[in-house]
Amino acid sequence: MTDKHMILGMALTDGYGVLKNAWRAPQVDPGNYTSIEANIRYAQSAERGRFAFLFALDFAAVRADVEHTYLGNIIEPMIGLAAISQATSHIGLVATGSTTFQEPFNHARQFKALDVLSHGRAGWNAVTTSDPAVAANYGKPVAGRAERYQRAHESLQIVEALWGSWEKDAWIKDQQTGRFIDSSKLQPINLHGEHVGSRGPLGIPPSEQGQPVIFSSGGPSPHLLSIAGRHASVFIAEVWSIEQARAQRELVRRAAQDAGRDPDDIKYFAGLMTTVAPSVREGLDRRITYIGETLEAQLPHLGSLLGMPLDRTQLDRPLTPGQLSAARPSPMDPRSEPALKIAQHGWSLRDVLAHGAIDYHPVTVGPPSVHADHLQEWFEAGAVDGFWLLPDIYEDGVDAFVDEVVPLLVQRGIYPAEYAGKTLRENLGVPEQYGPDPRVTGGTQD
Ligand SMILES: Cc1cc2nc3c(=O)[nH]c(=O)nc-3n(C[C@H](O)[C@H](O)[C@H](O)COP(=O)(O)O)c2cc1C
């Protein structure tokens, strides 16, 4: 038992779920990609579970083989979240925005507008997109890492400066005297870097939380840590074990400290993909049905994680004792050890894959206690401050988690019975900030 509570957030993708064939499930309307009503239902369900935020990924390109599978992305994050804001009251609304392709003035304006119209619930997942398909849509080649991160540093400083350029008490709006704004408190920022610049000011007043919360997501490269340490209040990671998460969380906290901030000012989240079902078997069957044929194609990849060739003829059988003792988990991939652990339980290779052995994040499958145990173990080990959940199929997967797993977490004393407040900052437990953080100095890449 602890008196500290974990924080939950949920990915919003395309109206279906993270399983590629979720769109074909009978309970799902295959037209949900364009249904804001469906997304609102999922948002309201997550809000019933007191999730701190929804998080809209964004890869602005048609990237998948869309002949048979989904597009993977909400149709447009800011517009989608603006609509959801009007049908919810507490849940945070985090959209991804690329510093590589957007101008900082656009980001500053759109995110602060979302923050104001949602009464202090907006967040910005600032990413340095390196996907050539996205670059092509903006008519550009992918710039090198050094340039993308330099541009990100400049953009973040400009955005924060623009957010603070309407000072907190600038808006007088006195009908009697006729004075609308104290213009001495709404002044240009005049910031110009090597790649981006802006004069300002930005004509948007503070929201109930001051300004949007900045998120970072990705691997803990020195480049990303230098951005996150200076600017982010939340870091979302791809990690597969408690040890890996604990070490990464420490790096992220140290990056904040090195930038002059308090390490508790940045919350570290691990992703978790969930399939809630009455039993593990039923959960695996649900996943196998909707993962689609990609499962068989993953077999060679599983072989490389385990250090042995794997044959399709073995798909419905477990590894033999001889194979298990010969297995050499690849040190190059953090998913290798967890994959071997699943195989050691005697699951067939199909079931090992259905457990998400080579997915983007760890997967939990089965009855509510399986999910609650995973969340509790990682949280109490000091590996994370919270989790970023990716339900398998939104239509019934969000309700199942909220109605069956959340009550267990509350019973165990590790999850709040009520929202801490109405703003995203309050529900994340991160401090007030308006304009740039005065503790953070310097803005160029390390
Ligand atoms: C949980 C998570 C979510 C992410 N979401 C996005 C996203 O929606 N759009 C995007 O362009 N990058 C996203 N990223 C970041 C990319 O994976 C990657 O870090 C970024 O393209 C920069 O890569 P680089 O540091 O190798 O240049 C996400 C990363 C993680 C871990």
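Residues numbered from 1 in each chain as written. Predicted model: local features only at pLDDT ≥ 70, side-chain atom pairs only at ≥ 80, totals over all residues. Heavy atoms only, no water.

## Structural notes on empty space enclosed by the protein
Piece 1. Counting across every chain of the model gives one cavity of 30 Å³ or more.
Piece 2. The computed volume of the largest cavity comes to approximately 40 Å³.
Piece 3. Lining the largest cavity are Met10, Phe51, Thr274, Leu389, Pro391, Gly397, Val398 and Phe401.
Piece 4. For the lining of the largest cavity, the elements supplying multiple residues, two or more each, are strand 13 (386-391) and helix 15 (394-411). (1 Å grid on protein atoms, 1.4 Å probe; cavity = no way out; pocket = protein on both sides within 12 Å on 5 of 7 lines; lining within 4 Å. Points joined across faces, edges and corners; volume = space filled by probe spheres on them. Helix = DSSP H or I, 4+ residues; strand = E, 2+ residues; numbered from the N terminus.)

## Some points on the site of the ligand
Piece 1. Around the ligand sit 17 residues, and of these Asp58, Thr129, Arg145, Arg148 and Tyr149 come closest.
Piece 2. Within the backbone of Asp58, an N or O atom sits 2.7 Å from an oxygen atom of the ligand.
Piece 3. With respect to the ligand, the side chain of Arg148 contributes an N or O atom lying 2.6 Å from an oxygen atom.
Piece 4. Relative to its free-state accessible area of 620 Å², the ligand is covered by the protein chains to the extent of 85%.
Piece 5. Cavity membership is defined here by more than half of the atoms lying within 2 Å of grid points; on that basis the ligand lies in the largest pocket. (Near = heavy atom within 4 Å. Polar contact = N/O pair within 3.5 Å; in protein donor to acceptor, adjacent residues only side chain to side chain. Areas by Shrake-Rupley, 256 points an atom, 1.4 Å probe, with all protein chains shown as cover. Sits in = over half its atoms within 2 Å of the grid points.)

## Regarding the pairing of strand 1 (residues 7-12)
Piece 1. With six of its six residues buried, strand 1 lies for the most part within the structure.
Piece 2. Both faces of strand 1 are covered, namely the face carrying Ile7, Gly9 and Ala11 and the face carrying Leu8, Met10 and Leu12.
Piece 3. Inspection of the sheet shows strand 1 paired to strand 13 by four bridges, in the parallel sense. Residue pairing for strand 13: Leu8 is matched across the bridge by Phe387.
Piece 4. Considered for its hand, the β-α-β crossover made up of strand 1, helix 1 (residues 36-48) and strand 2 (residues 53-56) is right-handed. (Buried < 20%, exposed > 50% of the residue type's maximum accessible area, 1.4 Å probe, protein only. Pairing = 2+ DSSP bridges. Right-handed = clockwise from strand over helix to strand, strands pointing away.)

## Describing unusual backbone geometry
Piece 1. In the segment running from Gly200 into Pro201, the intervening peptide bond is cis, with an omega of 0°.
Piece 2. Considering the arrangement of structural elements, one finds Pro201 in the loop between strand 8 (197-198) and strand 9 (213-217).
Piece 3. A positive phi is found at Lys173, a non-glycine position, where the angle reads about 35°.
Piece 4. With respect to the helices, strands and loops of the structure, Lys173 is situated in strand 5 (residues 171-174).
Piece 5. Owing to a relative accessible area of 47%, Lys173 belongs among the partly exposed residues under this scheme.

## Description of the side chain of Ser155
Piece 1. Within the element layout of this structure, Ser155 appears in helix 5 (residues 145-165).
Piece 2. Beyond its immediate sequence surroundings of up to four residues, Ser155 is in contact with Thr99, Pro104 and Val196. (Contact = heavy atoms within 4.5 Å.)

## Here's the deal with the side chain of Asp351
Piece 1. Assignment of secondary structure puts Asp351 in helix 13 (residues 349-354).
Piece 2. Among residues more than four places away in sequence, those in contact with Asp351 are Arg281, Leu284 and Ile288.

## Regarding the packing of aromatic side chains
Piece 1. Tallied over the full model, the rule gives 13 aromatic pairs.
Piece 2. Plain terms: the ring middles of Tyr42 and Tyr394 are 5.3 Å apart, the flat faces sit at 15° to each other, and that makes the pair stacked. With Tyr42 in helix 1 and Tyr394 in helix 15, the pair connects residues that are 352 residues apart, well separated along the chain. Comparing Tyr42 with Tyr394 shows no difference in burial state: the two are buried.
Piece 3. Considering the side-chain rings of Phe101 and Tyr138, the 4.9 Å spacing of their centres and the 5° angle between planes classify their relative orientation as stacked. One end of the pair, Phe101, is in the loop between strand 3 (92-98) and helix 3 (104-117); the other, Tyr138, is in the loop between helix 4 (132-137) and helix 5, with 37 residues separating them in the sequence.
Piece 4. Residue Tyr138 is classed as partly exposed on the basis of its relative accessible area of 35%.
Piece 5. Counting every residue linked through ring pairs, the aromatic cluster contains Phe53, Phe55, Phe215, Phe269 and Trp388.
Piece 6. A cation over a ring is seen here: Arg63 above Phe59, with NZ or CZ 4.0 Å from the ring centre. (Phe/Tyr/Trp six-rings, centres within 6.5 Å; stacked < 30°, edge-to-face > 60°. Lys NZ or Arg CZ within 6 Å of the ring centre and 35° of its normal.)

## Re the nonpolar core
Piece 1. Ranked by size, the top nonpolar core spans 97 residues in total, and within it Phe51, Phe53, Phe215, Phe387 and Leu428 carry the most contacts.
Piece 2. In terms of nonpolar packing, the next biggest core, distinct from the first, is built from 28 residues, Leu299, Ala339, Val352 and Ile358 among them. (Core = buried A, V, L, I, M, F, W, Y, C linked by side-chain atoms within 4.5 Å.)

## A short note on the pattern of salt bridges
Piece 1. The tally for this structure, following the rule as stated, stands at 22 salt bridges.
Piece 2. Note that Arg48 is salt-bridged to Asp403, the shortest N-O span being 2.6 Å. Taken together, the positions of Arg48 in helix 1 and Asp403 in helix 15 put the pair 355 residues apart, joining distant regions of the chain.
Piece 3. A relative accessible area of 42% places Asp403 in the partly exposed class.
Piece 4. Close ionic contact of Asp316 with Arg350 constitutes a salt bridge, the shortest N to O distance being 2.7 Å. Highlighted residues: Asp316 in the loop between helix 10 (299-306) and helix 11 (321-326) and Arg350 in helix 13, separated in sequence by 34 residues. (Salt bridge = Lys/Arg side-chain N within 4 Å of Asp/Glu carboxyl O.)

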